[in-house]
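Geometric and topological summary
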Amino acid sequence: MADRIEREINEILEKLDELPEDTAVPERAPISIAERRDRKVDSAPGRSLNIRLPKLNTTAALLTGAATVIGGLILSTFWAPLVWAAFGGVVIFLAGFIAALVKTPRPGKQAPPGGHFWRDRYIQYSQPQQGSARTWTKLKRRLRR
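An account of the accompanying structure is given in this report. The structure presented is a predicted model; accordingly, all values stated were derived computationally and were not measured.

Look at helix α4 (residues 83-102): 29 Å from first C-alpha to last across 20 residues, which is about the 28 Å you get at 1.5 Å a residue. Among the residues of α4, those classed as buried are Ala86, Gly89 and Gly96. For α4, the arc enclosing every buried residue in end-on projection is 80°, short of the 170-degree limit, so these residues lie on one face. Projecting away from the buried face of α4 at angles above 90 degrees are the exposed residues Trp84, Val91, Ile98, Leu101 and Val102. Packed against the buried residues of α4 are α3 (58-75).

Now for the packing of aromatic side chains. This model, assessed by the stated rule, comprises one aromatic pair. Seen from their ring centres, Trp84 and Phe87 are 5.3 Å apart, and the 55° between their planes marks the pair as tilted. Taken together, the residues Trp84 and Phe87, both in helix α4 and three residues apart, mark about one turn of the helix. Given a relative accessible area of 63%, Trp84 falls into the exposed group. The exposure class assigned to Phe87 is partly exposed, which follows from its relative accessible area of 47%.

This next bit is on the pairing of strand β1 (residues 115-118). As paired strands, β1 and strand β2 (residues 121-124) are joined by four bridges and run antiparallel to one another. Bridging from a neighbouring strand, Phe117 pairs with Tyr122 of β2. Where β1 folds back on β2, the antiparallel hairpin that results is connected by two residues, among which Arg119 adopts a positive phi of roughly 55°.

Another aspect to go through is a positive patch on the surface. On the surface, Arg134, Lys138, Lys140, Arg141 and Arg144 cluster together into a patch of positive charge. Counting through the fold element by element, Arg141 comes out in helix α5 (residues 132-144). Residue class for Arg141 comes out partly exposed when judged on its relative accessible area of 32%.

Let us look at the environment of Phe97. In this structure, Phe97 sits in helix α4. C-alpha separation for the pair Phe97 and Ala61, spaced 36 residues apart in sequence, amounts to 8.1 Å.

Conventions used here
Residues numbered from 1 in each chain as written. Predicted model: local features only at pLDDT ≥ 70, side-chain atom pairs only at ≥ 80, totals over all residues. Heavy atoms only, no water. Helix = DSSP H or I, 4+ residues; strand = E, 2+ residues; numbered from the N terminus. Expected span 1.5 Å × (residues − 1). Buried < 20%, exposed > 50% of the residue type's maximum accessible area, 1.4 Å probe, protein only. Arc of directions from axis to C-beta. Contact = heavy atoms within 4.5 Å. Phe/Tyr/Trp six-rings, centres within 6.5 Å; stacked < 30°, edge-to-face > 60°. Pairing = 2+ DSSP bridges. Patch = residues over 30% accessible without salt bridge, like charges linked within 9 Å, V, L, I, M, F, W, Y side chains within 5 Å. Areas by Shrake-Rupley, 256 points an atom, 1.4 Å probe, with all protein chains shown as cover. Salt bridge = Lys/Arg side-chain N within 4 Å of Asp/Glu carboxyl O. Lys, Arg positive; Asp, Glu negative; His and termini not counted. Charge placed at Lys NZ, Arg CZ, Asp CG, Glu CD.

Structure representation (structure tokens):
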């Protein structure tokens, strides 16, 4: 059986050696998923304006707001109107804080207590809780986040 496979491999390699150089298929460069998505959006009919805004991150908003407040307060000692930059930083910080409170948590692959994920399936080791114990557990888990 190994001889048969070896012969087939040798035949394929001989055929590759016989191919002329000019008929070789040009190598194609890989394309990223984002670039492919952009090409589909650009080629869609009726879409002439393609504006991409970066995704806003609550952590980035909090840090930017805090940095703007501190920078505005420090720089306002040199030029008084920059105190308004500090007020703008407070607004950015509060917007980020409110967005962090409102933002729903993303579901992850983290198994709840009493179980485990194995081969993309959840296996529960304990019996499911009934009644008020279940409600209390849900409330505790919600408050931990």
